[in-house]
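For reference, the chains in residue letters:
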Amino acid sequence: MKNEIIVCENLTKTFTIGDNKLCAVNDVSFTLTEREFVSIIGPSGSGKTTLLNLIGTLEVPTSGKLLINGTDLGSFTAAELSNFRRRNLGFVFQFFNLVDGLTSFENIELPLIFDSVPFEERKKRVDSLLKDFELEYLRNKFPEEISSGERQRVAIMRALINEPSLLLADEPTGNLDTTTGHAVLSLLEELNKERGTSILMVTHDISAAKRALRTLHMIDGKIAYDQRISNDIAKMKQEGKEI
Ligand code: ADP
Ligand code: MG
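Residues numbered from 1 in each chain as written. Chains lettered and ligands numbered in written order. Predicted model: local features only at pLDDT ≥ 70, side-chain atom pairs only at ≥ 80, totals over all residues. Heavy atoms only, no water.

Colleague: Explain the site of ligand 1 to me, using residue names and the numbers behind them.
Modeller: As a matter of local geometry, ligand 1 sits amid Phe15, Ile17, Leu22, Ala24, Pro43, Ser44, Gly45, Ser46, Gly47, Lys48, Thr49 and Thr50. Between serine 46 and ligand 1, the recorded distance is 3.2 Å, taken from a backbone N or O atom to an oxygen atom. Threonine 49 places a polar side-chain atom, nitrogen or oxygen, 2.8 Å from an oxygen atom of ligand 1. Expressed as a share of its isolated accessible area of 560 Å², the protein-covered part of ligand 1 is 62%. If you list the elements that add at least two residues to the shell around ligand 1, you get strand 1 (4-17), strand 2 (20-33) and helix 1 (48-55). Looking at the shell around ligand 1 residue by residue, the classes come out as 5 nonpolar, 6 polar and 1 charged. (Near = heavy atom within 4 Å. Polar contact = N/O pair within 3.5 Å; in protein donor to acceptor, adjacent residues only side chain to side chain. Areas by Shrake-Rupley, 256 points an atom, 1.4 Å probe, with all protein chains shown as cover. Helix = DSSP H or I, 4+ residues; strand = E, 2+ residues; numbered from the N terminus. Nonpolar A, V, L, I, M, F, W, Y, C, P; charged D, E, K, R; others polar.)

Colleague: Describe the packing of helix 3 (residues 104-114) against helix 4 (residues 119-132), listing the residues and the values that go with them.
Modeller: It is at 10 Å that the axes of helix 3 and helix 4 come closest, and there the two elements cross at 130°. Considered as vectors, helix 3 and helix 4 are oriented oblique to each other. As helix 3 runs across helix 4, the sense of the crossing is right-handed. Residue-level contacts link Phe105, Ile108, Glu109, Leu112 and Ile113 of helix 3 to Phe119, Arg122, Lys123, Arg125, Val126, Asp127, Leu129 and Leu130 of helix 4. Residue classes in the contact of helix 3 with helix 4 are distributed as 8 nonpolar, no polar and 5 charged. (Axes fitted to C-alpha atoms, helices over the stretch in contact; angles between N-to-C directions. Parallel < 35°, antiparallel > 145°, perpendicular 65-115°, else oblique. Left-handed = near helix turned anticlockwise from the far one by under 90°. Contact = heavy atoms within 4.5 Å.)

Colleague: Pulling in residues and values, what's your account of the side chain of glutamate 109?
Modeller: Along the polypeptide, glutamate 109 turns up in helix 3. Note on glutamate 109: relative accessible area 7%, which makes it buried. Contacts of glutamate 109, omitting those with residues within four sequence positions, involve Phe119, Arg122 and Val126. (Buried < 20%, exposed > 50% of the residue type's maximum accessible area, 1.4 Å probe, protein only.)

Colleague: Run through the sheet that holds strand 1, naming residues and quoting values.
Modeller: Strand order in the open sheet formed by 4 strands is 2-1-4-5, with antiparallel pairing between adjacent strands. Either end of the sheet is taken by a strand with one partner, and the two such strands are strand 2 and strand 5 (71-72). Strand direction decides the pairing type here: strand 1 and strand 2, joined by 10 bridges, are antiparallel. Counted as the bridge partner of threonine 14 is cysteine 23 from strand 2. (Pairing = 2+ DSSP bridges.)

Colleague: An account of the side chain of glutamate 171 is requested, with residue identities and associated values reported.
Modeller: As for its position among the elements, glutamate 171 is in the loop between strand 7 (166-170) and helix 6 (178-195). For the buried glutamate 171, no salt bridge exists, and the shortest N-O distance to an oppositely charged side chain is 4.7 Å, to lysine 48. Within the structure, the side chain of glutamate 171 is placed 3.0 Å from the side chain of histidine 204, a separation counted as a polar contact. Look past the residues within four positions of glutamate 171 in its chain and what remains in contact with it is Lys48, Gln94, Val202, Thr203 and His204. (Lys, Arg positive; Asp, Glu negative; His and termini not counted. Salt bridge = Lys/Arg side-chain N within 4 Å of Asp/Glu carboxyl O.)

Colleague: Summarise the layout of surface pockets; cite the residues concerned and give the values.
Modeller: Quantified by volume, the largest pocket comes out at close to 390 Å³. Taken together, 15 residues line the largest pocket, and the ones lying closest to its centre are Arg85, Arg86, Leu89, Phe91 and Pro111. Tallied by class, the residues present in the lining of the largest pocket amount to 9 nonpolar, 3 polar and 3 charged. (1 Å grid on protein atoms, 1.4 Å probe; cavity = no way out; pocket = protein on both sides within 12 Å on 5 of 7 lines; lining within 4 Å. Points joined across faces, edges and corners; volume = space filled by probe spheres on them.)

Colleague: Describe unusual backbone geometry, and please don't skip the residues or the numbers.
Modeller: A positive phi angle is found at phenylalanine 96, which is not glycine, with a value near 65°. Looking at where phenylalanine 96 falls in the secondary structure, it is placed in the loop between strand 6 (89-92) and helix 3. Classification of phenylalanine 96 by relative accessible area gives buried; the value is 5%. The phi dihedral of glutamate 134 is positive, around 55°, even though this residue is not glycine. The topology assignment puts glutamate 134 in the loop between helix 4 and helix 5 (148-160). Taking relative accessible area as the criterion, glutamate 134 reaches 63% and is therefore assigned exposed.

Structure, rendered in structure tokens:
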């Protein structure tokens, strides 16, 4: 049986602003198993980022249960959560969030410095990652010297340096032109296939969402539709439809 990487049970997040309550994530339940690449699509304000942040333990749920890699995070302290995040999760954002004054190498090694990994080991790991993805040419460049697509590749390498079992990406192509965006999606597909990293990716671009085999459609804080594309295609084939 495949391992469950994410288990959400009745996950809810309510924000209180003055006298008003806003339910950004409303009773969401789903499971993501190892090696899955799942996209979340939905209109602006439908709760995609809030759901991703709950799963990334960056936000605390109002109610419901969350297990990551089989660990119930409900009773973790802030320090425990921070350690857990660093060891198990990788984050990729729309605006890359690289540190301007640091080279690609230095940006990618940052999570290892937080874990007090010695320099020789950091060098070995960063260089081997850059080699695997044929990105050595970016090693000594600063963010301002490289294109936005290259910056996102460096940000993905930083997210991967601790070999997380789960990568969380919030609009990773949202700030890229279509061609560059597709290249970044191919990189995500590659690491999902080759390394077995599970991916949960938020997007509002339907063509980006389709790169995943499963898409969760969010509306008003709820998963309105859980679509497994491979099954749909199989069904269409059965029905003799053209694909
Ligand atoms: P999406 O990523 O789908 O655009 P969000 O998860 O960012 O949606 O937001 C869902 C809803 O929750 C929106 O109405 C947004 O205004 C609200 N929201 C998100 N974060 C906060 C916050 N920190 N405080 C108050 N309201 C918030
Ligand atoms: Mg968002």
